Amino acid sequence: MCARFQSRKRPWWAELLGGMIAGLSATVAMSKFQSAWNTTARRMAFSAGEPDVFVGSVNSQPTDVETTKIVLNRVADLVGYEVSDVAVTKTALALHYGIGAAGGYVYCLLGPVAFQRFEEEHSLLAGAAFGSAFFLAADLATLALRGFPDKGSQSPLGTRFYGLSSHIIYGVAAAQASKAVRIFL
């Protein structure tokens, strides 16, 4: 373990708080990235003279909250419950930000241990690696629930790139927020 992290033991609540702050800020950054991506795609479709092409097409990329809504609706169908759209939306938002906060906590706990000197010297790359791993875990865990066959063979390449890019943004933001929070805690 790095000497920098051994010299100062933080209580568990400080690690939890720091991780949640890093995860929530990273989730906000990822959501902003997804919003910018979709806005740019809409503008490109509109400037090409096809404003209706974006709606419901392959170019239309779901945000993570929309994906969470799809998964929640699928789970509700599987167990035989009918849930209102308002409840699904609220639950999806809470779940999305909760998973983001938990991911930040995992990064704060494992980042210094798993990446050691690499995390200290190249935190952006460490964050990108974490975001990529987070994407793989989330993608593999939710593909079956979203109705895709094994290994996402029906998932368009653009959708996978969009998801990976979003999670790399999440990882980089989590790394930077984690670094900043460690200074204050």
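What you see is a predicted model; the values in this text were computed from it and never measured.

## Here's the deal with the packing of aromatic side chains
Move 1: A complete count under the given rule lists six aromatic pairs for this structure.
Move 2: Note on tyrosine 107 and phenylalanine 130: the rings are 5.1 Å apart at their centroids and 65 degrees apart in plane angle, and the pair reads as edge-to-face. Linking tyrosine 107 in helix α4 (residues 85–121) with phenylalanine 130 in helix α5 (residues 123–143), this pair joins segments that are 23 residues apart in sequence. In this structure, tyrosine 107 and phenylalanine 130 share a single accessibility class: buried.
Move 3: Measuring from centroid to centroid gives 5.9 Å for phenylalanine 130 and phenylalanine 134, while their planes differ by 20 degrees, and the two rings are stacked.

## Concerning a nonpolar patch on the surface
Move 1: Side chains of Val75, Leu78, Val79, Tyr81 and Val83 sit close together on the surface and give an oily, nonpolar patch of about 500 Å² of accessible area.
Move 2: If you trace the backbone, valine 83 turns up in the loop between α3 (64–79) and α4.

## Quick word on the side chain of serine 165
Move 1: For serine 165, the location among the structural elements is in helix α6 (residues 157–184).
Move 2: Once you skip the residues sitting within four places of it in the chain, serine 165 turns out to touch Phe33 and Trp37.

## Some points on α3
Move 1: Compared with an ideal rise of 1.5 Å per residue, which puts 16 residues at 22 Å, α3 spans 22 Å between its outermost C-alpha atoms and is within 8% of the ideal.
Move 2: What α3 keeps buried is the set Asp64, Val65, Thr67, Thr68, Val71 and Ala76.
Move 3: Trailing α3 by a residue or two, glycine 80 shows a phi angle of about 85 degrees, which is positive.

## Quick notes on empty space enclosed by the protein
Move 1: This structure, assessed with the given rule, holds one cavity of 30 Å³ or more.
Move 2: The calculated volume of the largest cavity comes to roughly 60 Å³.
Move 3: Arg10, Ala14, Glu15, Gly18, Gly19, Cys108, Ser178, Val181, Arg182 and Leu185 together form the lining of the largest cavity.
Move 4: In terms of residue count, the dominant contributor to the lining of the largest cavity is helix α2 (residues 12–47) (four residues).
Move 5: Class assignment for the residues of the lining of the largest cavity results in four nonpolar, three polar and three charged.

## Quick look at the confidence of the model for the protein
Move 1: For the protein, per-residue confidence averages 78 on the pLDDT scale, and residues scoring 70 or more make up 76% of the total.
Move 2: Counting contacts from residues 1–7, a segment whose pLDDT is below 50, to residues more than four positions away or on other chains yields 13 contacts.
Move 3: Predicted confidence for residues 53–59 stays below pLDDT 50, and this span has eight contacts to residues more than four positions away or in other chains.

## Quick word on the nonpolar core
Move 1: Among the nonpolar cores identified, the biggest contains nine residues, and these are Ala26, Met30, Tyr107, Ala126, Phe130, Tyr170, Ala173, Ala174 and Ala175.
Move 2: Contributing elements (two or more residues each) for this core: α2, α5 and α6.
Move 3: When residues of this core are assigned to their parent elements, the largest contribution, four residues, is made by α6.
Move 4: For methionine 30, the contacting residues outside a window of four places in its chain are Asp64, His96, Ser166, His167, Ile169 and Tyr170.

## Let's talk about the environment of tyrosine 97
Move 1: Its location among the elements puts tyrosine 97 in helix α4.
Move 2: For the pair tyrosine 97 and glycine 23, spaced 74 residues apart in sequence, the C-alpha to C-alpha distance is 8.1 Å.

## Focus: the environment of tryptophan 37
Move 1: Considering the arrangement of structural elements, one finds tryptophan 37 in helix α2.
Move 2: C-alpha separation for the pair tryptophan 37 and tyrosine 162, spaced 125 residues apart in sequence, amounts to 8.5 Å.

The rules behind each value
- Residues numbered from 1 in each chain as written.
- Predicted model: local features only at pLDDT ≥ 70, side-chain atom pairs only at ≥ 80, totals over all residues.
- Heavy atoms only, no water.
- Phe/Tyr/Trp six-rings, centres within 6.5 Å; stacked < 30°, edge-to-face > 60°.
- Helix = DSSP H or I, 4+ residues; strand = E, 2+ residues; numbered from the N terminus.
- Buried < 20%, exposed > 50% of the residue type's maximum accessible area, 1.4 Å probe, protein only.
- Patch = residues over 30% accessible without salt bridge, like charges linked within 9 Å, V, L, I, M, F, W, Y side chains within 5 Å.
- Areas by Shrake-Rupley, 256 points an atom, 1.4 Å probe, with all protein chains shown as cover.
- Salt bridge = Lys/Arg side-chain N within 4 Å of Asp/Glu carboxyl O.
- Contact = heavy atoms within 4.5 Å.
- Expected span 1.5 Å × (residues − 1).
- 1 Å grid on protein atoms, 1.4 Å probe; cavity = no way out; pocket = protein on both sides within 12 Å on 5 of 7 lines; lining within 4 Å.
- Points joined across faces, edges and corners; volume = space filled by probe spheres on them.
- Nonpolar A, V, L, I, M, F, W, Y, C, P; charged D, E, K, R; others polar.
- pLDDT = per-residue confidence, 0-100.
- Core = buried A, V, L, I, M, F, W, Y, C linked by side-chain atoms within 4.5 Å.

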